[in-house]
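# Per-entry structural report
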Amino acid sequence: MEQHRTRTPQRRQPSQAQPAPSGGLGEVPAGGPVSVAVAPAPATAPGRGSRPGGVPPVVLALRRFPNPRLTGIGAGLFATLTMFLLACADRLLLGGSEVVYGVLFLPVSALTALWVRPADLVTAPIIVPIAFAVGVIPVAGGTGGFGGQAMAVVTALAVHAGWLYGGTLVAGLIATVRKVRQMRERQRHLVRADRAARRPRA
């Protein structure tokens, strides 16, 4: 019995699971769970997949925004009519809040400078103050005929000159940036044309 007890561990030793040799393929312990390694999906490279052509979503959204090219007269009509209609809506809904009118003047000035065609960029800072003065008539709230209305408009322009200067500054900055970009593009075009003309012909 003692010999049998001593031999029993020796016979069970080979049945123990031995570690798989390093570098072996498909060698797992007997009766053990089989694990399958799944390679992760390749990450989407920046500028591909959800962003066609590497364009950011903000730029794509801006490209969907209308981008007309208005003449100087067209931009003046756009700014003036828009400010007049916004002033009428302000008068009906908010009782003629001049602060709201001034806040709305800023994006209208920016759109006017963005939508005017390159040949009429210089007119943008001139158009927006006129549009502000015309649109402030419904908000000024003057009484007593033409003289009283004119005095109310002058008073509104003097009191809220900050909004007027702010919108004019926004239009001027946008027009200046567009003009500088236009000049750079023209200069690059001239340089490319000069290089193409100097190339030796085969």
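Presented here is a report on the structure given in the accompanying data block. It should be emphasised that the depicted structure is a prediction, and the values quoted were computed from it without experimental measurement. (Residues numbered from 1 in each chain as written. Predicted model: local features only at pLDDT ≥ 70, side-chain atom pairs only at ≥ 80, totals over all residues. Heavy atoms only, no water.)

## Digging into helix α8 (residues 161-198)
Look at α8: 55 Å from first C-alpha to last across 38 residues, which is about the 56 Å you get at 1.5 Å a residue. Of the residues making up α8, those classed as buried are Ala161, Leu164, Gly167, Ala171, Gly172, Ala175 and Arg178. In this structure, the buried residues of α8 make contact with α4 (98-115), α5 (124-135) and α7 (145-159). (Helix = DSSP H or I, 4+ residues; strand = E, 2+ residues; numbered from the N terminus. Expected span 1.5 Å × (residues − 1). Buried < 20%, exposed > 50% of the residue type's maximum accessible area, 1.4 Å probe, protein only. Contact = heavy atoms within 4.5 Å.)

## So, α5
Here α5 is 12 residues long and its end C-alpha atoms lie 16 Å apart, about the 16 Å a rise of 1.5 Å per residue gives. Residues of α5 that are buried in the fold lie against α3 (72-94), α4, α6 (137-140), α7 and α8.

## Focus on the packing of aromatic side chains
Applying the stated criterion to the full structure yields three aromatic pairs. Ring plane angle 65° and centroid distance 4.8 Å describe the contact between Phe105 and Phe132, whose orientation is recorded as edge-to-face. Placement of Phe105 in helix α4 and of Phe132 in helix α5 is noted, with a sequence separation of 27 residues between them. Every member of this aromatic cluster is reached through a ring pair, and the members are Tyr101, Phe105 and Phe132. (Phe/Tyr/Trp six-rings, centres within 6.5 Å; stacked < 30°, edge-to-face > 60°.)

## Some points on the environment of Leu104
If you trace the backbone, Leu104 turns up in helix α4. Linking Leu104 and Leu86, residues 18 residues apart in sequence, is a C-alpha distance of 7.8 Å. Not counting chain neighbours up to four residues away, the residues in contact with Leu104 comprise Met83 and Leu86.

## A look at a nonpolar patch on the surface
A surface patch of nonpolar side chains, about 530 Å² in accessible area, is lined by Phe84, Leu85, Ile126, Ile130, Val134 and Ile137. Sorting the residues of the nonpolar patch by element identifies α3 and α5 as the ones contributing at least two each. Of all the elements, α5 adds the most residues to the nonpolar patch, at three residues. You can see Val134 is positioned in helix α5. (Patch = residues over 30% accessible without salt bridge, like charges linked within 9 Å, V, L, I, M, F, W, Y side chains within 5 Å. Areas by Shrake-Rupley, 256 points an atom, 1.4 Å probe, with all protein chains shown as cover. Salt bridge = Lys/Arg side-chain N within 4 Å of Asp/Glu carboxyl O.)

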